[in-house]
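Geometric and topological summary
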Amino acid sequence: MDFTEHTALDAVLASFADTPDARLRQILGAVTRHLHALVHELRPTTAEWESAIAFLTAVGHMCDDTRQEFVLLSDVLGVSMLVETMNGDARGTEGTVLGPFHMSESPRRELGDRIDEVGTGVPCVVTGTVTDPDGEAIPGAVVDVWQCDENGFYDVQRPDTQPPGNGRGLFHADDRGAFWFRGVVPTYYPIPTDGPVGRLLGASRRHPYRPAHVHVIASAPGFTTVTTHMFVADSPYLDSDAVFAVKHSLVRDFAESADAAEAARYGVPVPFRRAHFPIRLARAGRPR
Ligand code: BEZ
Ligand code: FE
């Protein structure tokens, strides 16, 4: 049968029909059907199709060990958050995107330590708890945090002004499942715009900003790990995060405190800001 606009889809679907792996066969079928539907809807010219391929090629060329432009593309298209949301466990704290700035080896720190090693931002104390969905403490839960500084940069982006590990810490919750540390209030910042994803945002008049946040991965044996953020309640861009990652349940007050006794207890000057983040971990392997 001749390849025509009307036979194209069936011809390609038939070519994949003997794929032995059932999931791969399903994926290839869905990709083919949706891609063909897109082409039918848009009816691109040959030049437009070539520029689509040039765009994806540029995305690939932008990727290396420290820069993942495909993840960024998935982020700004809302796909990263869609997958995250579909795979979340409703019994635990809501999840959000991992983002590109997580280091597998956050410096191990003791409860109460400073994650800020520079000292130029607004001091902040973060406290939290890790519990199961019934509120039972999870002693020893691992809480990995990382954040940008008061200028919106992660340590890896500014090795000239921030020591490696600045803004990062790996903590173990105490016997009551509690954790606490000192840092600075993070600020909003733009996602990287010097590549094709930045050009896409510019062409569509979208801003590149993310609201101020602290990244958190919380884990414990027997529980489902959650990758999430705590968002700063008074930050700009909470309603228009460039990567769609804001969930209401994750927005926390970073209220100013002038409580001298509490400041002395935590070893911070007054005034300081204070935030609390209760984390719930769902038990692994139970039906959702
Ligand atoms: C971040 O929060 O670190 C981030 C997330 C997605 C894209 C770029 C940055
Ligand atoms: Fe971030």
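To start, this report covers the structure provided alongside it. (Residues numbered from 1 in each chain as written. Chains lettered and ligands numbered in written order. Predicted model: local features only at pLDDT ≥ 70, side-chain atom pairs only at ≥ 80, totals over all residues. Heavy atoms only, no water.)

A look at the sheet that holds strand S7 (residues 213–219)
On the basis of which strands lie adjacent, the open sheet formed by 5 strands has the order S3-S2-S7-S8-S9 and mixed pairing. Unpaired on one side and paired on the other, strand S3 (168–172) and strand S9 (251–252) mark the two borders of the sheet. Pairing of strand S8 (residues 226–232) with S9, which is carried by 2 bridges, proceeds in the parallel orientation. Paired with Phe231 across the bridge in S9 is Val251. (Pairing = 2+ DSSP bridges. Helix = DSSP H or I, 4+ residues; strand = E, 2+ residues; numbered from the N terminus.)

A word on a nonpolar patch on the surface
Together, Leu24, Ile27, Val31, Leu35, Leu38, Val39, Leu42, Trp49 and Ile53 line one region of the surface with nonpolar side chains, adding up to about 760 Å² of accessible area. At the level of secondary structure, the elements contributing two or more residues to the nonpolar patch comprise helix H2 (22–42) and helix H3 (46–61). The greatest single-element share of the nonpolar patch, amounting to 7 residues, is contributed by H2. Topologically, Leu38 is positioned in helix H2. (Patch = residues over 30% accessible without salt bridge, like charges linked within 9 Å, V, L, I, M, F, W, Y side chains within 5 Å. Areas by Shrake-Rupley, 256 points an atom, 1.4 Å probe, with all protein chains shown as cover. Salt bridge = Lys/Arg side-chain N within 4 Å of Asp/Glu carboxyl O.)

Considering the coordination of the iron ion (ligand 2)
Distances from the iron ion (ligand 2) to its protein donors, Tyr154 (OH), Tyr189 (OH), His213 (NE2) and His215 (NE2), fall within 1.9 to 2.2 Å. Taken together, the 6 donor atoms coordinating the iron ion (ligand 2) and their angles of 53 to 163° define a geometry best described as irregular. As a motif over one chain, the donors of the iron ion (ligand 2) read Y-x34-Y-x23-H-x1-H. Pair noted here: Tyr154 is in the loop between strand S2 (142–147) and S3 and His213 is in strand S7, with a separation of 59 residues, a long-range link. (Donors = N, O, S within 2.8 Å, 3.2 Å for Na, K, Ca; no water. Tetrahedral: all angles 85-135°; square planar, octahedral: opposite > 155°, others 65-115°.)

Notes on the nonpolar core
As a rule of thumb, nonpolar side chains are buried together in soluble globular proteins. Counting residues in hydrophobic clusters, the biggest one holds 42 residues, and the most contacted among them are Val130, Val145, Ile279 and Leu281. Every element with two or more residues in this core is listed here: helix H4 (69–76), strand S1 (123–131), S2, strand S4 (178–184), helix H6 (196–203), S7, S8 and strand S11 (272–280). At 4 residues, S8 tops the list of elements feeding residues into this core. Each of domain 1 (8–73) and domain 2 (76–280) gives at least three residues to this core. Residues within four places of Ile279 in sequence aside, it is in contact with Thr93, Thr129, Val130, Thr131, Phe179, Val216, Ala218 and Val226. Counting 6 residues, the second-largest nonpolar core is a separate cluster that includes Phe101, Trp146, Tyr154 and Ile217. (Core = buried A, V, L, I, M, F, W, Y, C linked by side-chain atoms within 4.5 Å. Buried < 20%, exposed > 50% of the residue type's maximum accessible area, 1.4 Å probe, protein only. Domains from an automatic or database assignment. Contact = heavy atoms within 4.5 Å.)

Overview of the environment of Arg280
Along the chain, the position of Arg280 falls in strand S11. Once the C-alpha coordinates of Arg280 and Ala218 are considered, the two residues, 62 residues apart in sequence, prove to be 9.0 Å apart. The contact partners of Arg280, leaving out residues within four places of it in the chain, are Ala90, Arg91, Gly92, Thr93, Thr131, Asp132 and Pro133. A polar contact is formed between the side chain of Arg280 and the backbone oxygen of Arg91, at a distance of 2.9 Å. (Polar contact = N/O pair within 3.5 Å; in protein donor to acceptor, adjacent residues only side chain to side chain.)

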